[in-house]
Every structure is written in structure tokens, then in C-alpha cells.
Amino acid sequence: MYLICMKGYYNMDLTSPRTIRNIQEQFGFTFKKGLGQNFLTARNILEEIVDAAEIESGVIEVGPGFGVLTSELAQNSDKVVTIEIDERLIDVLDYTLAEYDNVKIINEDILKLDLKKVIDDEFNGEKVSIAANLPYYITTPILLHLVQSDLPISTFVFMMQKEVAERIMASPGTKAYGALTLAVQFYCTSEVVMDVPPSSFIPRPAVNSTVLKLVKRDKPAVEVKDTRLFFRMVKMAFGQRRKVFTNAMKAGGISAEQGKEILAACGIDGKRRGETFSMEEFASLADAWYDLIHKDKE
Ligand code: SAM
């Protein structure tokens, strides 16, 4: 499986369907759909992901699979820490990544791992990038977990379902616009790197995919007096998506009288649906609510 040249060994071509089959046979490995195991087989996509990640020195990967993206990251960084939940893949990765001495494999669930400790221990607390072909069954929890954290992460480059990428990039008043849009856009800027068809994976997923680049903002997109109130307003709006906002606020525990005061303070028409509000409008609603709570306390 290795080709010997003047300089030493060429990397194993993990994008090759034949190599993937050989590894499967050698390790008796079968794909687990429940873990979102769709492995990349297109080299140009790996290169796009690595370029977009703007790695300064260190990079963290979620879900290495057979290590196809990991090896590309290893060639373009000082250090890679890669986190894989599936115990069966650890022996495979020891084999496929044997030639890299700058890769650390952690057998853990990304949602349970203490990433702060990993960044402190492995990267001296310095800023890292994160790159991943995400397991689609937990894309949203992973995204929210990472973008809302105060970890020193500068750039996230994630392959995800196209539909989730569209929700992140959506504009007010569209069907795709929602709590996920605001949660990500509050903390990050976002841009589409590329769309990826099912034919770029083994096995093929049932959906189209998109690589999205998210860059953590130095400070949130809008200034608010209390972040929790901002996200409670967002939750009210999208928990009761079809209701006009006056009614959504009532259902969210704000009395009719308080609701009227909040809306008047921001000059927002309560007959509008919350799904039409911009991030700035949510911020002014949250701040008016904050002022009301604190006025009531005086
Ligand atoms: N990076 C490989 C590639 O691009 O071919 C594999 C990507 S595959 C879409 C997702 C990977 O994430 C699988 O290896 C899967 O086992 C792993 N995974 C699933 N859930 C995980 C979790 N909670 N924490 C860490 N890894 C997870």
C-alpha cells in the first residue's frame, strides 16, 4: 500500500475507494450509520478544508474516521489533536497515521471531552483552528457546543448537511432562519467554502453537504446587556414561530402589559412574527426587557 520514492514513503491514499476497502478488510471494519460514518474520497475537498482553516500552528479535528483529513492536517500544521468516539477506529488510525509524529488521537465523545484541558495541555492554551467532516446526526449540538464556548478557537471549518449550512446562513423572514442562525451568527462570521455531492463519500449519504467556514468574532455581532435574555427572546420567537410576537411573548411568560412596554421601547410592531426580526431587533427587545426587569427591581 506504500509507494517508495527517493524521499521515503508516499502517504497512503486514504481517498482511494480501494484503500478504504483494503483497510476495511484488514481490520474487519464495517461502517456504523448511527455514528455518521461517511468517509471523504475527494482530495480537492480536503485541500479546501485545510486552506480555509487558516491554521497558525495547532488544529483540532472532530471524527477522523480512517484519518483522511487528519493526514492532510498533519502535513499542514505543527500539531493535530483528533477526537474519535469509535473505539474500533483507534487501531486503524494508529496504522494509517503511523508516519506522523505530530498527531494525537483521543478516543472520546467530543460532547463530553474537556476541550479546555486539551487546548491547555496540548497547545499551551494557544489559539487553535477546528476542522471536521462532522457526524451529521449531532451537527447542531457540536456546533452550538463549540461556537458558544469561550475556548481559544479562531476558525471552524465544518462539513455539514447543506440544509444545516443554509439555516446558519439564512436571512430574517425566510424558512431557514431560526435559533441556530442567531446562535451561530451572534458569535461568528460565516461563509460557504463549497458544496459537496453525496458521490464524494463512502458510503454515500442521503443528503447534499456544504463546507462552512466560521470565524469567531472578537466580540458578539450585537452588544446586549444580558446575553441570556437575548437568547430567551430568540427562543420565544422561534418556539412559537407561527404566533405574532405579542402572543409569543405571552406564551414565554411575559405579561401583556410588560410586552407592550418592551415593544414600545423598541418601536417594534407586536403584530409581526418573531421570525422576521433581525439580530439587532432581538438585541433591542432583550435590552428593553432587561431595563424593565431592573426598573421593576428599583
Ligand atoms: N474525517 C473522516 C472523513 O472525512 O472521512 C470521517 C468523517 S465521518 C462523517 C464522522 C466521524 O465522526 C466518524 O469517524 C465517527 O465515528 C465520528 N464521530 C461520531 N460521533 C462522534 C462524537 N460524538 N465524538 C467524536 N467523534 C464522533
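**Student:** Got a minute to help me understand the environment of Ser190 in this structure?
**Tutor:** Residue position: Ser190 is located in strand E9 (residues 188-196). Here Ser190 falls in the partly exposed class, since its relative accessible area comes to 23%. Between the C-alpha atoms of Ser190 and Lys216, which are 26 residues apart in sequence, the distance is 9.0 Å. Beyond its immediate sequence surroundings of up to four residues, Ser190 is in contact with Ile168, Met169, Lys213 and Leu214.

**Student:** Explain helix H3 (residues 68-75) here, please?
**Tutor:** Given 3.6 residues per helical turn, the α-helix brings residues three or four places apart onto the same face. By the criterion of burial, H3 is predominantly enclosed, with seven of the eight residues buried. For H3, the full list of buried residues reads Val68, Leu69, Thr70, Ser71, Glu72, Leu73 and Ala74. Here the buried face of H3 lies against strand E3 (39-40), helix H2 (43-52), strand E4 (58-62), strand E5 (79-84), strand E6 (103-107) and strand E7 (128-133).

**Student:** Would you explain the site of the ligand in this entry?
**Tutor:** Taken together, the neighbourhood of the ligand is formed by 24 residues, with Leu40, Gly63, Glu84, Asn133 and Tyr137 sitting nearest. At a separation of 3.3 Å, a nitrogen atom of the ligand approaches a polar backbone atom of Pro64. Side-chain polar atom of Asn133 to an oxygen atom of the ligand: 2.9 Å apart, as the coordinates give it. The protein chains hide 99% of the 600 Å² of surface that the ligand would expose on its own. Listed by contribution, the elements that provide at least two residues to the shell around the ligand are E3 and E5. Classifying every residue of the shell around the ligand gives 13 nonpolar, six polar and five charged.

**Student:** How should unusual backbone geometry be read in this particular structure?
**Tutor:** It is generally the case that most residues other than glycine have a negative phi and that most peptide bonds are trans. Along the chain, Ile202 connects to Pro203 via a cis peptide bond; the corresponding omega equals -20 degrees. For Pro203, the position within the fold is in the loop between strand E10 (201-202) and strand E11 (209-216). Of note in this structure, Glu54 is not a glycine but carries a positive phi near 40 degrees. Along the chain, Glu54 turns up in the loop between H2 and E4. For Glu54, a relative accessible area of 47% corresponds to the partly exposed category. Even without glycine at this site, Asn124 takes up a positive phi of about 50 degrees. Counting through the fold element by element, Asn124 comes out in the loop between helix H5 (115-123) and E7.

Conventions used here
Residues numbered from 1 in each chain as written. Predicted model: local features only at pLDDT ≥ 70, side-chain atom pairs only at ≥ 80, totals over all residues. Heavy atoms only, no water. Helix = DSSP H or I, 4+ residues; strand = E, 2+ residues; numbered from the N terminus. Buried < 20%, exposed > 50% of the residue type's maximum accessible area, 1.4 Å probe, protein only. Contact = heavy atoms within 4.5 Å. Near = heavy atom within 4 Å. Polar contact = N/O pair within 3.5 Å; in protein donor to acceptor, adjacent residues only side chain to side chain. Areas by Shrake-Rupley, 256 points an atom, 1.4 Å probe, with all protein chains shown as cover. Nonpolar A, V, L, I, M, F, W, Y, C, P; charged D, E, K, R; others polar.

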